[in-house]
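Chain by chain, the residues run as shown.
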Amino acid sequence: ASQLVLLEGQLTWIVYIIGAVIRGRLNSSSAESQESIDGDLAARVFVLLRVMDSGFHTQRYGTRSRQRLDKALISFFQNFRRVYVGEQAIHSSKVYGPLKEHVGIQDHLTALDIIVNKIATNLKVFPQCEELVDLTLTLFQDLAAGYMSGKLLLKLNTINYILGHHTREHFPFLDEPDNTRHRTTFYATLGRLLFMEDNSNKFKAFVVPFQQVFAAMESQADDMARFRSEQVKASLIGLFRDLRGLTMATNSRRNYAMLFDWLYPDHMPLIRRTLEAYTDTPPVTTPLLKFFAEFVLNKTQRLAFEASSPNGIKLFWE
């Protein structure tokens, strides 16, 4: 075991160094020979990734040395995507020659698929490593933030799976108290991808788990003792953090209208009831008020209702 810890430590340094070498390409003129070297180096990291998440090595997710190695991998992916995936990617780059030869990665879409699969794996197997969850979600957010890379993400089966299975049963990091603030980042990223397609049916399917949480909370709202239980409290904190992230992702009138029509007026009574019941509990009221502040924020003119619509007045009343 001690030899494995030592080996993981050595690999961690190597992966960081390879990532730094690739990132250096951003600040220099790119020669084909240099891109081929990048491809050879990157291929070794992608081969390492295959080994890390298979067989015996899956039993080491809880060890510190293994978690440090995964942090190095996330750093490598950040550097690789800056140069070879997304907005500033060199799509005709020679980097994919060695990658295709050694690991079968023939273009930036294939590389992106592997990176996204690693993101999903990390969120499933490292729920208690808050720092790694943070780094993984930052990578996910950065990939979705670009218009081109965001469109590429929507072509991947893994993304469609995540959009359809984004609950704590599939991603246990959502259940960890230390990760509550990361829920907002997670849902802001998923919301950005969801709203890229502007599809009301996909939106309705996406919010079904939220609908179930609302229904469960509303069924207990009249019983103060049950409504103030630790289980309900945790569910409310998670719900409002998630909703804030989803609301942050609405950047057009149409997207905001879908969210508004779903929340108003059906779920406003629960929000008011929560404020009344938890006036002395900042861990609940703070995410609630932050969500509502985002909900009424007129960024990118998303709150521009039709002239004949009373929704603006109704929102002011709330």
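Source: prediction; values computed, not measured.

Caption draft 1: Spatial organisation of the nonpolar core. Membership of the largest hydrophobic core comes to 93 residues, with the highest contact counts inside it found for F76, F80, L99 and F186. Among the elements that take part in this core, helix α3 (residues 64–84) stands out by supplying nine residues, more than any other. With sequence-adjacent residues up to four places away left out, F80 is seen in contact with I22, A42, F46, V85, Y96, L99, A111 and I115.

Caption draft 2: Region of interest: the layout of surface pockets. Taken as a whole, the largest pocket encloses approximately 730 Å³ of empty space. Around the largest pocket, the lining is made up of 27 residues, and of these R168, D175, R183, V213 and S235 lie nearest the centre. Residue assignment for the lining of the largest pocket shows that the elements contributing at least two residues are α9 (180–196), α11 (208–218) and α13 (230–248). Among the residues forming the lining of the largest pocket, the class breakdown is 12 nonpolar, eight polar and seven charged.

Caption draft 3: Focus on the packing of aromatic side chains. With the rule as written, the count across this model stands at 27 aromatic pairs. Ring centres 5.5 Å apart and planes at 45° place the aromatic pair F80 and Y84 in the tilted group. Note that F80 and Y84 are positioned in helix α3 at a spacing of four residues, about one turn of the helix. According to the relative accessible area criterion, F80 is buried, its value standing at 0%. For Y84, a relative accessible area of 0% puts it in the buried group.

Quick notes on the rules
- Residues numbered from 1 in each chain as written.
- Predicted model: local features only at pLDDT ≥ 70, side-chain atom pairs only at ≥ 80, totals over all residues.
- Heavy atoms only, no water.
- Core = buried A, V, L, I, M, F, W, Y, C linked by side-chain atoms within 4.5 Å.
- Buried < 20%, exposed > 50% of the residue type's maximum accessible area, 1.4 Å probe, protein only.
- Helix = DSSP H or I, 4+ residues; strand = E, 2+ residues; numbered from the N terminus.
- Contact = heavy atoms within 4.5 Å.
- 1 Å grid on protein atoms, 1.4 Å probe; cavity = no way out; pocket = protein on both sides within 12 Å on 5 of 7 lines; lining within 4 Å.
- Points joined across faces, edges and corners; volume = space filled by probe spheres on them.
- Nonpolar A, V, L, I, M, F, W, Y, C, P; charged D, E, K, R; others polar.
- Phe/Tyr/Trp six-rings, centres within 6.5 Å; stacked < 30°, edge-to-face > 60°.

These results come straight from atomic positions and should not be treated as a statement about function.
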